[in-house]
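Residue-level structure breakdown
Now for the letters of each chain:
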Amino acid sequence: MQQYMLRLSSTRQTAMAKWSAFWTAPMRRFCSRALMVYLLANCLLFTQGCATTEFYQREKLNDRAMQFDQDGGLNYLRQKIEAAREGSLGGFGSAEAGGCGCQ
Amino acid sequence: MPVKTMRHRAAHRFVTIFLVALVVSYGSCIFAQQTDNNAQLDIFVFNQEDHGGNKIQNEEMLYVGARASAKLKVNKVLTIRPTISGALLYAGGKPDVPSTITNATTTSASQRSSNRAGGKSDYTPVTTSMGFDIKPIGSDWTLSPGAFFSWQDNYVSRGLDFSASVELFNGNFIPSFSYGFRWDSLTAGKLGLSGIFGVMGEEGEDGEGGEGEEDEGEGDPTVERAPPINQIDTRWTHNFQFGFTQILSPEWRLNASVQYTLQHGSLSAPNAVLTLYDQNKVPVLFANEKLPNVRNRLQFNTRVRFSPLTGWGIGADHSFYIDDWGIMNAAIEPQVDGYFVPEVALWRAWYRYSYQWGTRFHRGHPTHEYRYQTDDADLLTFSTHSGGALFFFRLARWGELDWNLRVSGYAFSRSDHILGYGGLVGIEFDW
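Residues numbered from 1 in each chain as written. Chains lettered and ligands numbered in written order. Predicted model: local features only at pLDDT ≥ 70, side-chain atom pairs only at ≥ 80, totals over all residues.

**As for the overall build of chain A**
What counts is decided by this rule: Put simply, DSSP marks the helices as runs of H or I at least four residues long and the strands as runs of E at least two long, and each gets a number from the N terminus on. Here the C-beta atoms are placed from the backbone, and a residue counts as buried if at least 20 other C-beta atoms lie within 10 Å of its own, exposed if 12 or fewer do, and partly exposed otherwise.
For chain A, the count of helices and strands is three helices and zero strands. Counting the 103 residues in chain A, one finds 32% classified as buried.

**Here we look at the overall build of chain B**
Note the following rule: A pair of residues counts as a contact when their C-beta atoms, built from backbone coordinates, are within 7 Å of each other.
Per the secondary structure count, chain B includes three helices and 19 strands. Here chain B holds 431 residues, and the buried ones make up 42% of them. Across chain B, every contact between residues at least 6 apart in sequence was considered, and the portion connecting residues at least 24 apart equals 62%.

**Here's the deal with the nonpolar core**
Our working rule: The nonpolar core is taken to be a set of buried Ala, Val, Leu, Ile, Met, Phe, Trp, Tyr and Cys residues joined by way of C-beta atoms within 7 Å.
Residues L74 and L77 of chain A together with F44, F46, Y63, L89 and L424 of chain B are the most contacted members of the largest nonpolar core, which totals 22 residues. Breaking this core down by element, the ones donating at least two residues are α3 (72-85) of chain A together with β1 (38-50), β2 (61-73), β3 (78-91), β10 (252-265) and β17 (382-398) of chain B. The biggest single contributor to this core is α3 of chain A, with four residues. The contacts of Y63 of chain B, once residues within four sequence positions are left out, are F46, A87 and L89 of chain B. Counting residues in hydrophobic clusters, the runner-up holds eleven residues, among them I101, A272, V273 and L274 of chain B.

**Here we look at the confidence of the model for chain A**
As a note on interpretation, predicted positions should not be read in detail where pLDDT is low. Quick reminder of the rule: Each residue carries a pLDDT value, the predictor's own confidence for that position, ranging from 0 to 100.
Confidence in the prediction of chain A, expressed as mean pLDDT, is 72, and 64% of residues score 70 or more. Model confidence for chain A, summarised as mean pLDDT per element, is weakest for helix α1 (residues 2-22) of chain A at 67 and strongest for α3 of chain A at 84.

**Let's talk about the interface of chain A and chain B**
Selection rule: Any residue that is not Ala, Val, Leu, Ile, Met, Phe, Trp, Tyr, Cys, Pro, Asp, Glu, Lys or Arg is counted as polar, Gly included; the first ten are nonpolar and the last four charged.
With 53 residues of chain A at the contact, the number on the chain B side is 90 residues. Mapped by element, the contributors of at least two residues to the side of chain A that touches chain B are α1, α2 (25-48) and α3 of chain A. Classifying every residue of the side of chain A that touches chain B gives 23 nonpolar, 18 polar and twelve charged.

**Some details on the environment of S185 of chain B**
Residue and element names in this part refer to chain B. Position of S185 relative to the elements: it lies in strand β8 (residues 173-186). You can call S185 buried: it has 23 C-beta atoms within 10 Å. Linking S185 and G146, residues 39 residues apart in sequence, is a C-alpha distance of 20 Å.

**Side note on the pairing of strand β9 (residues 233-247) of chain B**
Looking down a regular strand, the side chains alternate between one sheet face and the other. Residues and elements named next belong to chain B. Selection rule: In short, DSSP must find at least two bridges between two strands for them to pair.
In the sheet, β8 pairs with β9 via 14 bridges, with the strands oriented antiparallel. Bridge pairing in β9 links W183 to W236. Pairing analysis gives 13 bridges linking β9 to β10, with the strands arranged antiparallel. Looking across to β10, one finds that R235 is bridged to G265.

**Overview of the confidence of the model for chain B**
All names here are of chain B. Confidence in the prediction for chain B averages 82 pLDDT; 79% of positions are at 70 or higher. A low-confidence stretch, residues 106-118 (pLDDT under 50), is modelled with 49 contacts involving residues beyond four sequence positions or located in other chains. Contacts from residues 202-225, a stretch scored under 50 in pLDDT, to residues over four places away or in other chains number 57 contacts. This prediction of the complex comes with two scores: 0.78 for pTM and 0.79 for ipTM.

**Some words on unusual backbone geometry**
Residue and element names in this part refer to chain B. Look at F169: it is not a glycine, yet its phi comes out positive at around 50°. Tracing the sequence through the fold places F169 in the loop between β7 (155-166) and β8. C-beta crowding within 10 Å serves as the criterion here: with 14 such atoms nearby, F169 is assigned to the partly exposed category. At E343, a position not held by glycine, the phi torsion is positive, near 65°. For E343, the position within the fold is in the loop between β15 (328-341) and β16 (345-357). We classify E343 as exposed; it has 12 C-beta atoms within 10 Å.

**Looking at α3 of chain A**
Inclusion rule: Take the residue count of a helix, subtract one, and multiply by 1.5 Å to get its expected span.
The end-to-end C-alpha distance of α3 of chain A, which contains 14 residues, comes to 20 Å, matching closely the 20 Å that a straight helix rising 1.5 Å per residue would cover. With ten of 14 residues buried, α3 of chain A is to be regarded as a mostly interior element. For α3 of chain A, every residue scored as buried is listed here: G73, L74, Y76, L77, R78, K80, I81, E82, A83 and R85 of chain A. For α3 of chain A, the secondary structure elements touched by its buried residues are β1, β2, β3, β17, β18 (401-414) and β19 (418-430) of chain B.

**A few points about the pairing of strand β11 (residues 273-277) of chain B**
Residues and elements named next belong to chain B. Counted residue by residue, β11 has four buried out of five residues, so it is predominantly covered. As paired strands, β11 and strand β12 (residues 283-288) are joined by five bridges and run antiparallel to one another. By the bridge assignment, L276 is partnered in β12 with L285. Taking the residues between adjacent antiparallel strands as the criterion, β11 and β12 are bridged by five residues, where K281 takes a positive phi near 65°.

**Things to note about the environment of I314 of chain B**
Residue and element names in this part refer to chain B. Assignment of secondary structure puts I314 in strand β14 (residues 313-323). On the basis of neighbour count, I314 is assigned to the partly exposed category, with 16 C-beta atoms found within 10 Å. In this structure I314 touches F306, Q335 and V336, once residues within four positions along its chain are discounted.

Quick look at the structure:
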């Protein structure tokens, strides 16, 4: 048992050490810059969209392959699993309020 | 109660829920007009294995259920969207409780842990919602109020939702706003049916592990006594989401949103414990998880899809999450869509990678209690690989009615050795 606890303890220590080594000030700067670039790229994509696509040009867009979510049942299951198993809100833009994720 | 009897009772509940789901969803079809309608019935199973994470809390789980949903156009203005799902959830299992824990059978917190050591607990979660889409004639606005209710033996959630969207520039740009409210009641015992109103019923008072309340927490005076096992904790959630969908060209579609969630109330899990260690890092005591009563959560989502050929598509979803407990999470999910036979046999495959930076309330090997402390494996640092595939088959067309079949598989693996896999089979009618 003691050996097991020592192993567990050293695993956690290693994880904490890795985290401290990873999350340094330069890394924090890099992440915040990456986030800014990402948001800027989204804004550029947004401005690209000013050209209007007429209804008769939307054959590909209306295809099932172009829908963001193809399957309501699978989305429900994934949202439930991902929101419970991660600290995040899960999924990509569900309007449902975050549940407790208990169980 | 014998395990066999409990299983029979759970199976009986599941069949009842399933039949109610069928009647509610398909019964409402009679109100529908013959256009733009859809009804779905799904059966799913998901199994989760725990080979790591928090050794004290076993996160094994078997989740089997059914979900019925429909989208029914009542008239030119109103569309209704009822859903109901019921499931059997076998959760928990035998955790590794070190023999050096001196209060393993004396404190309320550890009582809960040792109750879980007795094997799996079964729950019967039932979730139902009703949404309305109201689109006034001649207007580009869609208003969508809705209501939500979910019941599980130890957890009840009620809620209201509202969203609004408007089609601008010939539908090329659709901004939207959503608000959702949830009022949750949780307990470490069993709520019973009266839990719907946030009141503990008789079943809860006699719930498992109630004897633990006699305990005086004699293991260590510094370890706070756990709240009574029949206490109901309450939490409130407000969820705001702003976003837009933009058609960039005849081949490109973009969706972006920002989601802010405020939770307050009791945010610790009622049955969660963590381990305290001595100077030699030997586990000696159990203590209760303690987390702040407020949590501010922010998530950015971006989804892009591109179609090089009709019937084919590629896409990528991204999310970035941050909250005031120190958790950050970034995820990316590329997808590919194609067909075996155009419009008859289609497929989608996806892969998702996420990395989570854990909460600052995880204390490693604490030798004393902190104001806030947790060992919840889901709030720590880990990465997740997941993926799956979805197959869609148009089985038959009877006049205006399409009969479709959907089959999908889904699996994930976490770097802390928690993994899960499952599948779903669904039938779908469009008319």
